[in-house]
Amino acid sequence: MIFFKIVLHVFIVFVLTILTQIGGLIWLLCLIICYKWKKKKRYAFPILYLVFNLFVIPITAPIFGRTKLPVTSSTLKPHNLIYPLLFRNYVSTELDSLLIQSSIDLAHLGIRVTYLDANFPFIDGFPLLPHISHNNGKKIDIAFMYLVNGERTNKKPSTSGYGAYTSNTNPTLNYCKRIGFWQYDITKYITFGTNEELTLDKENTKTLIQGLLYRANHSKIFIEPYLKKELKLQDYNEIRFHGCQAVRHDDHIHFEIK
């Protein structure tokens with residue numbers, strides 16, 4: 001029985017660490033507290049987790065060069081609260097300042113910047129799965145702009161922000177799968193619900209991308225090649241193809257700085 005309990009706790013620590021970076025340590029701390037003061041883990045862990053999420057980590061992360069992105073700002077918000085709850089909304093101080101200022105600029109044009117996965121609060125090189133490069137505080141995924149019945153909206157076509165592609169005829173998909181990159185459209189399985197009434201707002205998505213690049217020297221944006229053409233952004237060398245080893249980028253913008 002003790003062996004199985006140990007295995008269970010190791011598994012919980014592993015899963016929480018993969019998903020949140022910090023959650024495994026919080027679980028271990030919870031075990032110590034519950035053992036010493038005879039508390040129930042089902043009550044202690046959520047309380048301890050929220051204390052770390054709301055107070056401890058936001059104060060500690062800047063020591064390591066990371067800053068928590070705003071959650072309730074009117075100009076820069078997460079698409080889903082799951083991202084801040086899983087400690088996935090941390091960026092470098094430089095990227096934080098750039099995003100906040102760019103979002104203020106874009107707000108004057110009626111555009112709200114909606115972010116998805118960013119980075120964990122600590123340790124360069126620690127993987128933020130399933131991404132292959134969100135590991136140094138300098139990368140973030142940002143949602144496209146959309147229309148509903150021809151009118152601008154801040155709604156997004158999938159609950160997660162990923163997997164609802166702007167086109168069913170992506171030429172890069174066929175190429176990447178043909179040369180063996182089976183995972184290229186795997187994000188279609190993590191939408192967690194879709195809203196098919198929404199269509200891509202090309203005009204304001206283009207403005208959003210230009211707004212991000214305006215204040216960012218030595219930055220890169222990844223979107224699908226066909227979208228770069230459709231949005232008439234061919235003159236921007238900073239906008240590139242991410243390669244077949246990644247996943248489709250016609251459901252979000254990948255933005256990074258050096």
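1. Some remarks on the packing of helix α2 (residues 23-37) against helix α3 (residues 41-60)
Taken N-terminus to C-terminus, the directions of α2 and α3 make an angle of 135 degrees; their axes are 9 Å apart at the nearest point. It follows from the interaxial angle that α2 and α3 lie oblique. Crossing hand, α2 versus α3: right-handed. Residues Gly23, Ile26, Trp27, Leu29, Cys30, Leu31, Ile33 and Cys34 of α2 form the contact with α3, whose participating residues are Lys41, Ala44, Phe45, Leu48, Tyr49 and Phe52.

2. Some thoughts on unusual backbone geometry
Among all residues save glycine, negative phi is the norm, and among peptide bonds the norm is trans. Cis geometry is found at the peptide bond from leucine 129 to proline 130, where omega equals 10 degrees. Structurally, proline 130 is set in the loop between β4 (113-115) and β5 (139-142). Positive phi outside glycine occurs at asparagine 149, with the angle close to 55 degrees. Tracing the backbone shows asparagine 149 in the loop between β6 (146-148) and β7 (151-153).

3. Here we look at a positive patch on the surface
Together, Lys5, Lys40, Lys41 and Arg42 line one region of the surface with positive charge. Looking at where lysine 40 falls in the secondary structure, it is placed in the loop between α2 and α3. Exposure remark for lysine 40: the relative accessible area of 48% places this residue in the partly exposed category.

4. Digging into helix α7 (residues 202-214)
Between its terminal C-alpha atoms α7 stretches 18 Å, which fits the 18 Å expected from 13 residues at 1.5 Å a residue. Listed in full, the buried residues belonging to α7 are Asn204, Thr205, Leu208, Ile209, Gly211, Leu212 and Leu213.

5. Overview of the pairing of strand β11 (residues 253-257)
The buried count for β11 comes to five of five residues, which makes it a mostly enclosed element. On β11, burial covers both faces: Ile253, Phe255 and Ile257 on one face and His254 and Glu256 on the other are all buried. Here four bridges tie β5 to β11, and the two strands are oriented antiparallel to one another. In the strand pairing of β11, isoleucine 140 is matched with phenylalanine 255. Note that strand β9 (residues 219-222) and β11 share four bridges and pair antiparallel.

Reading guide: rules and limits
Numbering of residues starts from 1 in every chain and runs along the sequence as written. Two thresholds apply to this predicted model, a pLDDT of at least 70 for residue-level local features and 80 or more for giving and counting side-chain atom pairs, whereas whole-chain, interface and lining totals are computed over all residues. Based on all heavy atoms of the structure, the side-chain values leave hydrogens and waters out of the count. Here an angle of 0 to 180 degrees is reported between the N-to-C directions of two axes, which are lines fitted to C-alpha atoms, with helices fitted over the stretch in contact. Numbering goes from the N terminus for both helices and strands, where a helix is a DSSP run of H or I of at least four residues and a strand is a run of E of at least two. In these notes the angle categories are as follows: under 35 degrees is roughly parallel, over 145 is roughly antiparallel, 65 to 115 is roughly perpendicular, and the rest is oblique. Handedness of a crossing is defined here by the sense of rotation of the near helix relative to the far one, left-handed for an anticlockwise turn of less than a right angle and right-handed for a clockwise turn. We call two residues in contact when some of their heavy atoms are within 4.5 Å. Residues with no salt bridge and a relative accessible area higher than 30% make up the patches, which join like charges within 9 Å and nonpolar side chains (Val, Leu, Ile, Met, Phe, Trp, Tyr) within 5 Å. Each accessible area value is a Shrake-Rupley result obtained with a 1.4 Å probe; residue values ignore everything except the protein chains displayed when judging cover. Just to be clear on terms, a salt bridge is a Lys or Arg side-chain nitrogen sitting within 4 Å of an Asp or Glu carboxyl oxygen. Positive charges come from Lys and Arg, negative ones from Asp and Glu, while His and the chain ends are left out of the count. The atom standing in for a charge is NZ when the residue is Lys, CZ when it is Arg, CG when it is Asp and CD when it is Glu. Three exposure classes are used, based on accessible area relative to the maximum for each residue type with a 1.4 Å probe and protein chains only: buried under 20%, partly exposed in between, and exposed over 50%. Residue count minus one, scaled by 1.5 Å, sets the expected span of a helix. We call two strands paired when DSSP finds no fewer than two bridges between them.

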